[in-house]
Amino acid sequence: MSCEPWQCAEIASTKKANAIQKPEIAVAMIKKAQRPLLIVGSNATERYMEGKPLIDYMIDFANASKVPVVATAHMVGEFLKRGYQPASFMGAMDIGQRIVDPTWQGLDGKGHPDLILLVGLPYYVESLMLSGFKHFAPDLKTMTLDNLFHVHASWSFPNATLEEWAANLKVMTSKFNGGN
Amino acid sequence: MTSKNVRLKIDEMKTPTGLIKNLEVSIGKVVNDNWTEPMGPTPMPSMTALRDWDMKLLNKYKPFYMPDCDLCCLCTFGKCDLTAGKRGACGLDIATQSSRIVMLACAIGAACHTAHSRHLLHSLIEKYGRRYPLNVGGLNIKVEAPVTRLVTGIKPETLGDLDDVLTYTEEQITQVLAVGHTGQEGSNLDFESKALHVGMVDHVGMEVGDIAQISALGYPKADPEAPLVKLGIGSVDRTKPVIMCIGHNVMPSVGIIDYAKETKADDKIEVVGLCCTALDTTRYYSRAKIVGPISWELRFVRAGLADLVVLDEQCIRTDIYEEAAKVGAPVIAASEKNCMGFKNRTNDPADEIVADLVSGKVAGVLILDPEKVGEVAVRVVQKVAPIRKRKTVLPSLEEVTQIAKACTQCSKCQRNCPQDYAIPAAMKAAAQGDLSLLTDLYETCIGCGRCEEACPQKIMIHSLIVKAGEKAMCEENNLCRSGRGAVSDVEIRNVGSPIVLGEIPGIVAIVGCSNYPKGGKDVYDIAREFALRRYIVVLSGCSAMSAGSYRNADGQTLYEEFPGGFEAGGVMNVGSCVANSHIAGAAIKVANIFAKRPLRGNYEEIADYIHNRLGAVGLAWGAYSQKAAAIGAGFWRLGVPVIVGPHGVKYRRMLMGREDKPEDWEVLDARTGDKVNVGPAPEHLFNVAETKEECMVAIAKLCIRPNDTWKGRSIKLSHYVDLSKRYLGVMPNDLHLFVRTKADIPMTMKDEFEKVLAANDWKETIIPDPTLLPRMVRKMKE
């Protein structure tokens, strides 16, 4: 599993993501966060693992972890179709702009998120959003749950196969469900 | 308008009051114009003249930066690491650097259009003279140059008058470029203001170019029934020698067509175009054909369909001469801006140039005289075609399978594909004899060729994709409405009221390039959706081609299905890149002709009017270029929101409102001076839509304006809700922000709205006469 940006030209970074070598580490980070927020993008219905779309994995994860979800693009309807109510829906740029605003008090008005999880946005969109967070919300922690290494995140999984990705997501969900 | 340089010199003169010796008086310009309208406050504005207006916009729509690079490497102090608040050696931080890059991109784009217009104007003045009259729509258009009139205060009447206008744009672009130097501007908002300035200037430059060529070259003049021209690779008669013109500047194509007609070769050859040159070539000669957008370059050349390639300027693949050489097609470079390393043969006899190109002694030549380009091209293509015999570098279908077997599934192709397409899977299937995945890629591939550059096995992946899609490629035979240019004054009068009152729910301008996330069909789908909903749909550039490349269930293209007027449910193609100025021009004309707002040098008031009243949205679904950035910036300064497709995120900066901050949405009621909260209308000035579905909803929402009547708002909200339900699968979650009185609620959605209003503690408000400018308030309260 390599820790180079999935899209090869995305290398212009001096502060690089730490690689998440095991899903348990990601789970520990998420559990440590007080106000995590998960942003799910349009590839959630485009990318499949073991015959299931990414969105199904993310619903399992969100139900288990209780991390609130913001659906971007047209994903809100896809979540609702599957019986999951995201905490909110808005454009990727809309949520991004709120995140870099230190006065924003989160979706519930109770405080700014301290950990942003991203998954399923087009790679280049996610990459640039993470860059925006890195520069303009430097105290914020960010993590990508994709199987594509994102250099601008605080933590990113290395590039991985679909099988490895599915396994990682299932482990993470199981850990929140009380699994060992 | 006429203007002159006047210089008076008196060596010696005796007067009743004394002796005058060596008196010299120089007057820069004597202006003698026939425009009686008094000059407004900001003719030929400098970089800071409209800064206050810019800051009003930038306060509502704050920049959201997403730097593409942590570094600045523009001077030798660097590279400087600007990560997370660090400052570089010159003192810039990452926000300021990001805005500097945005400004420079806009300046490059504006320079490109103005330089294009300057070349056109030089050529046309040389041929037709400075006194050649402007005519963009005959008696139907009295406001012939709305952008120019608004910005410069000049009412141009002849080609020569445009010279003065371009002098202004050239100066402003130079000033803005200077700001990009190390150690100049230190505020990101001031960089943003200058980006807006150069965007405004860009529209002036574009307008000059297009009204000059419309007037002098006999293009359609604001004609809703401009000819339908052939579009698509399948429309090209491959039994004839084919000249393929690429770029944006029509002059070499004009030379080709004129020479072909003079020598009666026009029936013997095909003149086809790619990118905006194609649009302008068909405006000049409706029998020319449009191959397609910029991304069709490689496929057309590699398939061997071009017998001769003529390059003018902008958006040309800079390695196209190498591609042409592989299929034995000579190249003529015809612009100073891209000489391609070829020897300048402008002053050589045509016979010698023709001989050298036909024999293959040289692969290409530089010819900077459009008429000579015409002669050489027409003669060469007829001699080269029988020699080339459609030489192609595409493999046979059998070879595709064999070549694909060399793929090692390393995924470098996918990782270098801007679209992240699953090329390895397609190669794997192809190696097993199944070309269907490669064929699917043909439909959505943007033809950049980065996959091939990355392949360690040196597989010509794009050629395999094109071969797999060859059948579909040869069946691309569609229609595009020839670029009609401006919107007539009559059309503005007809739709001014319903647009401003909101009863025509909006104007959707779908413009620009073809860096689409999932192919051009999205553009067709979006355009058709809004035309069916009786929005006014305006197209230009590569988007105008993509919109014409698909057919409805009855086999009609978009241009056959819908009328070509600036009217509810109309689908009009204004033309090439420089014709985008007519879209801004139409908005300005609504303010001037319908609302009778003074035009001359009165930018701020007109922009305030457009921003608060005109439900217009720009969409650049495949925007890729600096020119697109400049065009967008011109719309931003007018207060018109622009949406880009997901690749537009790489412009690295959005201008976004916050609907959760009510304090950002106050306007003044011009009747009373009261501050009125009008909600997020429009919510953003520049934003990305990640998917087509999101884009559909965003367009409807961004058409909402403070000035909408209750009836207009009700119509707009019904579209917003309907599109949201259809494409997002849910009711919008911000409806309460757009309902001012219960009369705004669409009749058929009353119950749904009531629930939303009740849940959000909604309170009724008034519909103001909205303005952001205190000076527009007629009666300020004590």
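Computed from a predicted structure; not experimentally measured.

Student: Describe in detail the overall build of chain A, supporting the description with residues and values.
Tutor: When you go through chain A residue by residue, the secondary structure sums to 6 helices and 9 strands. Its C-alpha atoms give chain A a radius of gyration of 15 Å, near enough to 16 Å, the size a compact globule of 180 residues would have. Residue burial in chain A is summarised as follows: out of 180 residues, 53% are buried. Taking contacts inside chain A between residues at least 6 apart in sequence as the whole, the part at least 24 apart equals 65%.

Student: Before we move on, could you go through the interface of chain B and chain A and cite the residues and values that matter?
Tutor: You'll often see interface size given as the accessible area lost when the parts meet. The interface of chain B with chain A comprises 33 residues on the first partner and 37 residues on the second. Residue assignment for the side of chain B that touches chain A shows that the elements contributing at least two residues are strand S3 (62-65), helix H13 (412-416), strand S19 (653-656), strand S22 (684-688), helix H26 (692-702) and helix H27 (710-728) of chain B. Residue classes in the side of chain B that touches chain A are distributed as 16 nonpolar, 7 polar and 10 charged.

Student: I'd love a proper account of the domain arrangement of chain B, names of residues and values included.
Tutor: Partitioning chain B into domains gives domain 1 (233-388) and domain 2 (403-459). Taken over C-alpha atoms, the centre of domain 1 of chain B sits 30 Å from the centre of domain 2 of chain B.

Student: Talk me through the pairing of strand S8 (residues 270-274) of chain B; I want residue IDs and the actual numbers.
Tutor: Residues and elements named next belong to chain B. With 5 of its 5 residues buried, S8 lies for the most part within the structure. Side chains of S8 alternate between two faces, with Glu270, Val272 and Leu274 and Val271 and Gly273 buried alike. Regarding the hand of the β-α-β motif, the stretch spanning strand S7 (residues 242-246), helix H6 (residues 251-262) and S8 is right-handed. In this structure, S8 lies alongside strand S9 (residues 289-292), joined through 3 bridges in parallel fashion. Looking across to S9, one finds that Leu274 is bridged to Gly292. Assessed by its sense of winding, the connection that carries the chain from S8 through helix H7 (residues 276-284) to S9 is right-handed.

Student: So, helix H24 (residues 603-613) of chain B: which residues are in play, and what are the values?
Tutor: Counted residue by residue, H24 of chain B has 11 buried out of 11 residues, so it is predominantly covered. Regarding H24 of chain B, the residues found buried are Tyr603, Glu604, Glu605, Ile606, Ala607, Asp608, Tyr609, Ile610, His611, Asn612 and Arg613 of chain B.

Student: Residues and numbers for the packing of helix H15 (residues 436-444) of chain B against helix H17 (residues 461-468) of chain B, please.
Tutor: Residue and element names in this part refer to chain B. Running from amino to carboxyl end, H15 crosses H17 at an angle of 95 degrees, the nearest separation of the two axes being 7 Å. Looking at the two axes, H15 sits roughly perpendicular to H17. Residues Leu438, Thr439, Leu441 and Tyr442 of H15 lie in contact with H17, whose contacting residues are Leu464, Ile465, Val466 and Ala468. The residue inventory of the contact of H15 with H17, partitioned by class, reads 7 nonpolar, 1 polar and no charged.

Student: Summarise the sheet that holds strand S21 (residues 675-677) of chain B; cite the residues concerned and give the values.
Tutor: Strand pairing in a sheet relies on backbone hydrogen bonds. The paired strands run either parallel or antiparallel. Residues and elements named next belong to chain B. Read from one edge of the open sheet, 3 strands run S21-S20-S23, paired in antiparallel fashion. Every other strand in the sheet has two partners, leaving S21 and strand S23 (770-771) as the edge strands with one partner each. Where strand S20 (residues 666-669) meets S21, 3 bridges bridge the pair, whose relative direction is antiparallel. Bridge pairing in S21 places Leu668 opposite Lys675.

Student: Mind laying out the nonpolar core, listing which residues take part and the relevant values?
Tutor: Residue and element names in this part refer to chain B. In this structure, Val309, Ile510, Ala527 and Ile699 are the most contacted members of the largest nonpolar core, which totals 319 residues. Residue-level mapping places this core at the junction of two domains, with at least three residues from each of domain 1 (233-388) and domain 2 (403-459). Setting aside residues no more than four positions away along its own chain, Val309 makes contact with Met244, Ile246, Val301, Ile320, Ala324, Ala329 and Val331.

Student: Give a description of the sheet that holds strand S14 (residues 507-510) of chain B that names residues and reports values.
Tutor: Residues and elements named next belong to chain B. What the 8 strands build is an open sheet, ordered S3-S19-S22-S18-S17-S14-S15-S16; its pairing is mixed. On the outer flanks of this sheet lie S3 and strand S16 (571-575), each paired with one strand and no other. Each strand axis lies, on average, 25 degrees off the axis of its neighbour in the sheet, ignoring direction. Where S14 meets strand S15 (residues 536-540), 4 bridges bridge the pair, whose relative direction is parallel. Bridge pairing links Val508 to Val537 in S15.

Student: Explain the confidence of the model for chain B residue by residue, including any values.
Tutor: The pLDDT averaged across chain B works out to 95; a share of 96% of its residues lies at or above 70. Reported confidence for the predicted complex is 0.97 by ipTM and 0.95 by pTM.

Student: Describe unusual backbone geometry, listing the residues and the values that go with them.
Tutor: Following Gly78 of chain B, the chain continues to Lys79 of chain B via a peptide bond in cis, the omega torsion being 10 degrees. Within the element layout of this structure, Lys79 of chain B appears in the loop between strand S4 (71-72) and strand S5 (80-81). That bond from Ala681 of chain B to Pro682 of chain B is cis: its omega, -10 degrees, falls within 30 degrees of zero. Inspection of the secondary structure puts Pro682 of chain B in the loop between S21 and S22. The phi dihedral of Glu50 of chain A is positive, around 50 degrees, even though this residue is not glycine. Mapped onto the fold, Glu50 of chain A is located in the loop between strand S3 (48-49) and strand S4 (52-53). The phi torsion at Arg534 of chain B lies on the positive side, around 65 degrees, for a residue other than glycine. Structurally, Arg534 of chain B is set in the loop between helix H20 (521-532) and S15.

Student: Let's hear about the packing of helix H12 (residues 397-404) of chain B against helix H14 (residues 423-431) of chain B: which residues, and what values?
Tutor: All names here are of chain B. Remark: H12 packs on H14, axes separated minimally by 7 Å, with the N-to-C direction vectors making an angle of 115 degrees. As H12 runs across H14, the sense of the crossing is left-handed. Along its contact with H12, which presents Val400, Thr401 and Ala404, the element H14 presents Met427, Ala430 and Ala431. Residues that form the contact of H12 with H14 fall into these classes: 5 nonpolar, 1 polar and no charged.

Student: Outline the environment of Ile715 of chain B, listing residues and values.
Tutor: All names here are of chain B. Checked against the element boundaries, Ile715 lands in helix H27. You can call Ile715 buried: it has 24 C-beta atoms within 10 Å. In this structure the C-alpha to C-alpha distance between Ile715 and Ile745, which are 30 residues apart in sequence, comes to 8.7 Å. Aside from chain neighbours lying at most four places away, what touches Ile715 is Gly502, Glu503 and Pro505.

Student: Go over the environment of Leu441 of chain B with me, naming the residues and quoting the values.
Tutor: Residues and elements named next belong to chain B. Note that Leu441 resides in helix H15. In this structure Leu441 comes out as buried when scored by C-beta crowding, with 25 C-beta atoms within 10 Å. Residue contacts for Leu441: discarding those within four places in its chain leaves Tyr421, Ala426 and Ile465.

So, how was this worked out
Residues numbered from 1 in each chain as written. Chains lettered and ligands numbered in written order. Predicted model: local features only at pLDDT ≥ 70, side-chain atom pairs only at ≥ 80, totals over all residues. Helix = DSSP H or I, 4+ residues; strand = E, 2+ residues; numbered from the N terminus. Rg over C-alpha atoms; globule rule 2.2 N^0.38 Å. Buried ≥ 20, exposed ≤ 12 C-beta atoms within 10 Å, placed from the backbone. Contact = placed C-beta atoms within 7 Å. Nonpolar A, V, L, I, M, F, W, Y, C, P; charged D, E, K, R; others polar. Domains from an automatic or database assignment. Right-handed = clockwise from strand over helix to strand, strands pointing away. Pairing = 2+ DSSP bridges. Axes fitted to C-alpha atoms, helices over the stretch in contact; angles between N-to-C directions. Parallel < 35°, antiparallel > 145°, perpendicular 65-115°, else oblique. Core = buried A, V, L, I, M, F, W, Y, C linked by C-beta atoms within 7 Å. pLDDT = per-residue confidence, 0-100. Left-handed = near helix turned anticlockwise from the far one by under 90°.

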